[in-house]
Amino acid sequence: MPEVPIFERLCVIGFGLIGGSIARRAREAGLARALVAYDASDAVRTRVRELGIVDEVAETAQAAVAAADCVIVCVPVGAIAGVAAEIAPSLAPGAILSDVGSTKLGVIGALAAHIPPHVAFVPAHPMAGTEFSGPDSGFSALFEGRWVLLTPPAGTDEAAIGRIEAFWRGCGANVERMEAAHHDRMAAMVSHLPHLIAFTICNTAEGLEDESRREVLQFAASGFRDFTRIAASDPVMWRDIFLANREALLEMLARFTEDAQAMARAIRFGDAAYIERSVERGRAIRQSLIEQKQA
Ligand SMILES: NC(=O)c1ccc[n+]([C@@H]2O[C@H](COP(=O)([O-])OP(=O)(O)OC[C@H]3O[C@@H](n4cnc5c(N)ncnc54)[C@H](O)[C@@H]3O)[C@@H](O)[C@H]2O)c1
Ligand SMILES: O=C(O)C(=O)C[C@]1(C(=O)O)C=C[C@@H](O)C=C1
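Rules used in this analysis
- Residues numbered from 1 in each chain as written.
- Chains lettered and ligands numbered in written order.
- Predicted model: local features only at pLDDT ≥ 70, side-chain atom pairs only at ≥ 80, totals over all residues.
- Domains from an automatic or database assignment.
- Nonpolar A, V, L, I, M, F, W, Y, C, P; charged D, E, K, R; others polar.
- Near = placed C-beta within 6 Å.
- Helix = DSSP H or I, 4+ residues; strand = E, 2+ residues; numbered from the N terminus.
- Axes fitted to C-alpha atoms, helices over the stretch in contact; angles between N-to-C directions.
- Left-handed = near helix turned anticlockwise from the far one by under 90°.
- Contact = placed C-beta atoms within 7 Å.
- Core = buried A, V, L, I, M, F, W, Y, C linked by C-beta atoms within 7 Å.
- Buried ≥ 20, exposed ≤ 12 C-beta atoms within 10 Å, placed from the backbone.
- Right-handed = clockwise from strand over helix to strand, strands pointing away.
- Pairing = 2+ DSSP bridges.

## Considering the domain arrangement of the chain
Each assigned domain of the chain is listed with its residue range as follows: domain 1 (7-178) and domain 2 (182-294). Just the C-alpha atoms count here: the centres of domain 1 and domain 2 sit 30 Å apart. Across the side of domain 1 that touches domain 2, the residue classes break down as five nonpolar, seven polar and two charged.

Written out as structure tokens, the structure reads:
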């Protein structure tokens, strides 16, 4: 366990699933001496005050960051650059700015213009979440045993990276560094493509003629339910991710489409060996994930 507190005053901008989980964990584990939050939504700020997790809920983003030695931006990817522009003039000298966005290249590019020279920017992405959102959805154990990927641009202050790493370890996470472009291709495959497919299959079911649609919803057994859990996720968040990671996502979608077409062809021509091999390979990959989790 890292020595606590890691930060004197930690500021969370955006108090949804991820911001709320960070705040809960930071409070529980004493990772920051003081916690301050800001959210653009009046209703969310009111709820955060009721929850009593943070020491202060600021009325503006500028006021929230003013005396913070670490600011973590936890808003949808498409809103991160706007928040950075809003808070940049108020960031304290020596402060660390971080984010939790699900895509990294675009976020880093959009933020570069706004970060003052006296502030270190350490981009991060916790590979943990649920299909729920909002101030009540967070929980302190969300990051326990999960990966957090750091994608600091070359030349980022090592001490700042070390403190962000210590913070995430204090949240119970494992931390790894990687290049932002590599991160985006990997995330496209393991997270963005599965969400795209889950949303799409729900739309496909919805598009069936009335009677079949009613039956799909009535008789959906565990296959459809397990497979589409993530389709309950927030539309703004996923709109932003798909648009921000366009190239990598389209590449993975093209690969997937080719593989799906190969399967369609095998089914059409009765190629039983291909079908069995393909299912076998898929099953082995899924089983290795289960073993990894148990290890
Ligand atoms: N949900 C997940 O599973 C998950 C996992 C890892 C990373 N992420 C990333 O974390 C970020 C937050 O996701 P979440 O699931 O916590 O979302 P959420 O919808 O639960 O919360 C986002 C919050 O940001 C606030 N917000 C929006 N624009 C704002 C602005 N300009 N200024 C201040 N507040 C603003 C909203 O009011 C909302 O309360 C996203 O970038 C997402 O890609 C999400
Ligand atoms: O478990 C879920 O519900 C999630 O969608 C979490 C999930 C994922 O795809 O694994 C979603 C987005 C992220 O950026 C990281 C994690």
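## Some thoughts on the site of ligand 1
Near ligand 1 lie 28 residues; those nearest to it are Gly14, Gly16, Ser102, Gly129 and Ser133. Secondary structure elements with two or more residues in the shell around ligand 1: helix H1 (17-29), helix H4 (77-87) and helix H10 (235-244). Sorting elements by how many residues they give to the shell around ligand 1 places H4 first, with four residues. The class makeup of the residues in the shell around ligand 1 is 16 nonpolar, 10 polar and two charged. Residue contributions to the shell around ligand 1 reach at least three from each of two domains, namely domain 1 (7-178) and domain 2 (182-294).

## Structural notes on the packing of helix H7 (residues 180-206) against helix H11 (residues 246-268)
At a closest axis distance of 9 Å, the pairing of H7 and H11 adopts a crossing angle of 65°. Here H7 runs over H11; the crossing is right-handed. On the side of H7, the interface is formed by Asp184, Arg185, Ala188, Met189, His192, Leu193 and Leu196, while H11 contributes Ala248, Leu249, Met252, Leu253 and Phe256. Residue composition of the contact of H7 with H11, grouped by class: nine nonpolar, one polar and two charged.

## A short note on the nonpolar core
The biggest cluster of nonpolar side chains holds 68 residues, and the ones touching the most others in it are Cys11, Val12, Ile13, Ala37 and Val71. Looking at which domains feed residues into this core, each of domain 1 (7-178) and domain 2 (182-294) gives three or more. Those residues in contact with Cys11, other than ones at most four positions away along the chain, are Val36, Ala64, Val65, Ala68, Cys70 and Val71. Core analysis: the next-biggest nonpolar cluster, separate from the first, contains six residues, Ala188, Leu193, Ala248 and Met252 among them.

## Comments concerning the environment of Glu280
Tracing the backbone shows Glu280 in helix H12 (residues 272-294). In the structure, Glu280 is positioned 138 residues away from Leu142 in sequence and 32 Å away in space, judged by C-alpha atoms.

## A short note on the pairing of strand S6 (residues 120-126)
When you tally the buried positions in S6, you get seven out of seven residues, the bulk of the element. Burial along S6 is two-sided: the face carrying Ala120, Val122, Ala124 and Pro126 and the face carrying Phe121, Pro123 and His125 are both buried. Each parallel crossover has a hand, and the one from strand S5 (residues 96-99) via helix H5 (residues 105-112) to S6 is right-handed. Alignment of S6 against strand S7 (residues 147-150), held across three bridges, turns out to be antiparallel.

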